[in-house]
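Chains, contacts and geometry: an overview
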Amino acid sequence: MRVLAQVVHHPKPEHRDDVIAAMGRLRAASEGVGGLEEIGGFEDTESGRIIAVSVWSSMEAMQSGMAVLGAVIADVPFGEWERQEHSMAVFPQVA
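What counts, and where the lines are drawn
Residues numbered from 1 in each chain as written. Predicted model: local features only at pLDDT ≥ 70, side-chain atom pairs only at ≥ 80, totals over all residues. Heavy atoms only, no water. Buried < 20%, exposed > 50% of the residue type's maximum accessible area, 1.4 Å probe, protein only. Helix = DSSP H or I, 4+ residues; strand = E, 2+ residues; numbered from the N terminus. Pairing = 2+ DSSP bridges. Phe/Tyr/Trp six-rings, centres within 6.5 Å; stacked < 30°, edge-to-face > 60°.

Quick look at the pairing of strand E3 (residues 49–56) now. The element E3 is largely enclosed, with a buried count of 6 among its 8 residues. With 7 bridges connecting them, strand E1 (residues 3–11) and E3 associate as antiparallel partners. Across the sheet, Val3 pairs through a bridge with Trp56, a residue of E3. The pairing of strand E2 (residues 36–44) with E3 spans 8 bridges and is antiparallel. In the strand pairing of E3, Asp44 is matched with Arg49. Counting the residues between successive antiparallel strands, the hairpin from E2 to E3 contains 4 residues, one of them, Gly48, with a positive phi of roughly 85 degrees.

Right under this line is the structure:
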C-alpha cells in the first residue's frame with residue numbers, strides 16, 4: 001500500500017530560504033532511494049508554511065528511506081530556523 005508523508009515547516013521569515021535549501025538537499029539525495037516515488041516542497045505564501053511531501057511505495061519503504069534522507073539533513077538547525085516545531089503526518093492511499 002502506498003503512503004504519502006507530509007511535513008509542515010513554519011520557518012522564520014529570515015530562514016525561509018534556508019529551509020527551502022535544506023529541502024533541495026533532500027531532493028538531490030533522493031535519487032535512488034528505494035520505494036520513493038515522488039518528493040517535493042510547496043509553499044503556502046499566506047501563512048509562510050513550507051510543506052514537504054513524499055510518496056512511497058509502502059510503509060516499510062518510507063521508514064527505511066526516511067532514515068536515509070534524515071541523515072542528509074541531520075545538521076539542519078530546524079529548532080533555530082522555525083517559529084514553531086514542524087509536524088509530520090503519514091497517510092495511506094485509499095483510492
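There is more to say after this.
Attention now moves to the packing of aromatic side chains. Inspection of every chain in the model, using the stated rule, returns 1 aromatic pair. Pairing Phe78 with Trp81 gives two aromatic rings, centres 6.4 Å apart and planes at 80 degrees, and the pair type is edge-to-face. Of this pair, Phe78 and Trp81 both sit in helix H3 (residues 78–81), 3 residues apart, roughly one helical turn. Given a relative accessible area of 15%, Trp81 falls into the buried group.

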